[in-house]
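Structure at a glance
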Amino acid sequence: MKNYRADFPMLARRYQDKDLVYFDNAATALKPQVVLEALNDYYLHHNANIHRGPNFLAEEATILYEEARQRVADFIGADTEEIVFTSGTTAGVNLVARSWGEKNLQPGDVIALTRAEHHANIVPWLQLQASRQIKLQYIEVKADGTFKPESLAAVLTCPRLRLLAITQASNVLGQFYELENILAAAKARGILTLVDAAQSVVHHQINVRQLDCDFLVFSGHKLFAPSGSGVLYIRAAVLATMPPFLGGGGMITEVKADSFSVAAGPTKFEAGTPNIEGAIALGAACRYLQTIGQAEIFKREQELSAYFLEKLASYPWLRLLGGTQNRLPLFSLVITGLHPHDAADLLGEQGIVTRAGHHCAQPLHDSLGISASLRASLAFYNTEAEIDYFFASLNTLRQSFQN
Amino acid sequence: MDIYARNILDHYQRPRHRGVLAEADASFHELNRSCGDDFKVYLKLKDGLIEAISFEGQGCAISTAATSILSEFFLGKAPAEILKMDLEALRSLLGIEISFRRQKCALIGLRALQGAVASLAPSA
Ligand SMILES: Cc1ncc(COP(=O)(O)O)c(C=O)c1O
């Protein structure tokens, strides 16, 4: 693969006298120059509110915003009419819970999740559990990261199941889930499906037609775009039946003193002035990734993963959470004799940025019987040399704790 | 932050007063889930002063060492001293810089002790 490091200005950052080693990509990815330029270009040349006002700036901004919607739609194989711009994954799940959920769910209905969900795909459903008396059922996860078949079967045959809301990749175990069969089984029963693609979309080419899900959510900031940008895909036929969530400008066709009518299409869910520059920059990020080629990126990440796993094998005091098959370049480690929080802090002193904690997946950590782990999450711009430096630094650190 | 300060590493590796205190007058559980720190402290008083302190649970080097150091420091002192201690005082007791990102770790033991004191009957 060509070297793309020069595209990411942050990689030139230093901490004290150390190079930055950025291994926290699953928390948020670095932004390439083209994304920063898209942001700059918007504010330097267009700065306008969209969908209102017949002036040329508003027209330019609207065109850029709608072009971004097209880019995102192309990126995941959807129609533009199915792409709702949100502030991120969390906002997308909440929108589905409040709009679709509150309209359709009856007391006793069941929503199924996996044990590997991020809090963003748990808490909105817990809120509905409290307000609508629905029930949650979990697909349990084995130590190797895969689903327990009997638990999966129990969920798929649950009589009151109405929605399967499921992650496509765990932000802790690194496991990537082939969801096609599970989603097809749910669909065959008339059950709607939501896919949390926050982690997976960065590493795998996604096609919503092939997945055949009803909802799919992800965040811009993990996909090399700005924070506060994000996408909720809704299958067109489902979108048409959903009531709006937030009310305000932009989501209506007409407002009278005592009534309003709702816009058709995704703008129904985009009340108020949206994060215009964020959406435009997210479009630029999608184009950037397509220019490199997602297959290229995948290949490079697989090389990095294989290298990381090979190095890891020589340290018996490091335990990797999850299995080694179908893995993102994301590694959560339990370290004998070193608390993850100390490790992350002290690696930071060497310029290495990682994350420690439960990574917003507390139920998963509870089920694994651990309180915290150290996570190194890589992107295609990381290198073998950085992996060497990471392990060498961790080794030195651990030794200094042994004396 | 200097985790390698001798004092800190020593208390991390050999925490003082670890365990459950039988017949404690107060106990308090303090949790910092996002880091994975989890401590329960026990207090026993005699004649209005702290006769014994213990703690159980687990956490990082900073949280463990700070809790251990506090468990020595407050012995024989009045419970009100626990309530009075702030980050500044804790910093000088630990003898190290406490970076912003580690404040929660450094404070968890103190917060637990303060919770235990607050739960004591006003007359105690
Ligand atoms: C699997 C998964 N889902 C959801 C989220 C939440 O994303 P955001 O905070 O951008 O809404 C994350 C982010 O860490 C994630 O990893």
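Calculation criteria
Residues numbered from 1 in each chain as written. Chains lettered and ligands numbered in written order. Predicted model: local features only at pLDDT ≥ 70, side-chain atom pairs only at ≥ 80, totals over all residues. Heavy atoms only, no water. Helix = DSSP H or I, 4+ residues; strand = E, 2+ residues; numbered from the N terminus. Rg over C-alpha atoms; globule rule 2.2 N^0.38 Å. Buried < 20%, exposed > 50% of the residue type's maximum accessible area, 1.4 Å probe, protein only. Contact = heavy atoms within 4.5 Å. Lys, Arg positive; Asp, Glu negative; His and termini not counted. Charge placed at Lys NZ, Arg CZ, Asp CG, Glu CD. Core = buried A, V, L, I, M, F, W, Y, C linked by side-chain atoms within 4.5 Å. Domains from an automatic or database assignment. Pairing = 2+ DSSP bridges. Buried area = accessible area lost by both parts, 1.4 Å probe. Salt bridge = Lys/Arg side-chain N within 4 Å of Asp/Glu carboxyl O. Polar contact = N/O pair within 3.5 Å; in protein donor to acceptor, adjacent residues only side chain to side chain. Near = heavy atom within 4 Å. Areas by Shrake-Rupley, 256 points an atom, 1.4 Å probe, with all protein chains shown as cover. Nonpolar A, V, L, I, M, F, W, Y, C, P; charged D, E, K, R; others polar. pLDDT = per-residue confidence, 0-100.

What follows covers the overall build of chain A. Helix and strand counts for chain A come out as 14 helices and 17 strands. A compact globule built from 403 residues would reach a C-alpha radius of gyration of about 22 Å, and chain A, at 22 Å, matches this within 12%. In terms of overall dimensions, chain A has C-alpha extents of about 75 × 55 × 35 Å along its principal axes. By the burial criterion, 56% of the 403 residues in chain A qualify as buried. Contacts spanning at least 24 positions in sequence make up 71% of the contacts within chain A whose residues lie at least 6 apart. Separation between the mean location of the 34 positive side-chain charges and that of the 40 negative ones in chain A comes to 5 Å.

Right, let's talk about the nonpolar core for a bit. Counting residues in hydrophobic clusters, the biggest one holds 78 residues, and the most contacted among them are I76, L216, F380 and Y381 of chain A. Broken down by element, this core gets its largest block of residues, eleven residues, from helix α10 (residues 276–292) of chain A. Counting residues domain by domain, this core receives three or more from each of domain 1 (5–30 + 293–402) and domain 2 (35–290) of chain A. Non-local contacts of L216 of chain A, meaning those with residues more than four positions away in its chain, are made with I76, V195, A197, I206, V208, L211, V231, L232 and Y233 of chain A. Of all hydrophobic cores here, the second largest spans 34 residues; its members include A5, I8, F39 and L70 of chain B.

Residue and element names in this part refer to chain A. You can see L39 is positioned in helix α1 (residues 33–46). Residue L39 is classed as partly exposed on the basis of its relative accessible area, which comes to 22%. Residues L39 and L282 lie 243 residues apart in sequence; the distance between their C-alpha atoms is 9.6 Å. Not counting chain neighbours up to four residues away, the residues in contact with L39 comprise P226, E277, G278 and A281.

Attention now goes to the pairing of strand β10 (residues 230–234) of chain A. Residue and element names in this part refer to chain A. In terms of burial, β10 is a largely internal element, five of the five residues being buried. A two-sided burial pattern is seen for β10, the buried positions comprising G230, L232 and I234 on one face and V231 and Y233 on the other. When strand β4 (residues 83–86) meets β10, the two strands line up antiparallel, connected through four bridges. When the sheet's bridge partners are listed, T86 is paired in β10 with G230. Inspection of the sheet shows strand β9 (residues 215–219) paired to β10 by five bridges, in the antiparallel sense. For V217, the partnering residue across the bridge sits in β10 and is L232.

Our next topic: the interface of chain B and chain A. Reports often express the size of an interface as the amount of accessible area lost when the parts come together. On the side of chain A, 19 residues touch chain B, which itself brings 17 residues to the contact. Carbon and sulfur atoms make up 44% of the surface buried where chain B meets chain A, a total of about 1500 Å² over both sides. Of all residues in chain B, the largest losses of buried area upon contact with chain A belong to Y4, R33 and R101 of chain B, amounting jointly to 35% of the total for that side. Inspection of the region where chain B meets chain A yields four salt bridges. Close ionic contact of D345 of chain A with R102 of chain B constitutes a salt bridge, the shortest N to O distance being 2.5 Å. Run the count over chain B and chain A and you get six residue pairs in polar contact (both at pLDDT 80 or more).

Turning to the site of the ligand, a few remarks are in order. All names here are of chain A. Inspection of the region around the ligand gives T89, T90, H118, A120, T167, N171, D196, A198, Q199, S219, H221 and K222 as its neighbouring residues. For the ligand, an oxygen atom lies 2.5 Å from a polar atom in the side chain of T90. At 3.2 Å, a side-chain N or O of H118 approaches an oxygen atom of the ligand. Expressed as a share of its isolated accessible area of 390 Å², the protein-covered part of the ligand is 87%. Its residues placed into classes, the shell around the ligand shows two nonpolar, eight polar and two charged.

Attention now moves to the confidence of the model for chain B. With 96% of its residues at a pLDDT of at least 70, chain B reaches an overall mean of 91. Under the prediction, the complex receives an ipTM of 0.84, its pTM being 0.93.

All names here are of chain A. Along its sequence, chain A is organised into domain 1 (5–30 + 293–402) and domain 2 (35–290). Computed from C-alpha atoms alone, the centre-to-centre distance between domain 1 and domain 2 is 28 Å. Taken residue by residue, the interface counts 37 residues in domain 1 and 32 residues in domain 2. Each partner contributes to the roughly 2900 Å² buried at the junction of domain 1 and domain 2, and carbon and sulfur atoms together form 56% of this total. Among the residues of domain 1 in contact with domain 2, Q294, L328 and L364 are the three that bury the most area, contributing 24% of the side total.

Residues and elements named next belong to chain B. If you trace the backbone, N32 turns up in strand β1 (residues 26–32). Given the relative accessible area of 8%, N32 is considered buried. Setting aside chain neighbours within four positions, we find N32 in contact with D37, K104 and I108.

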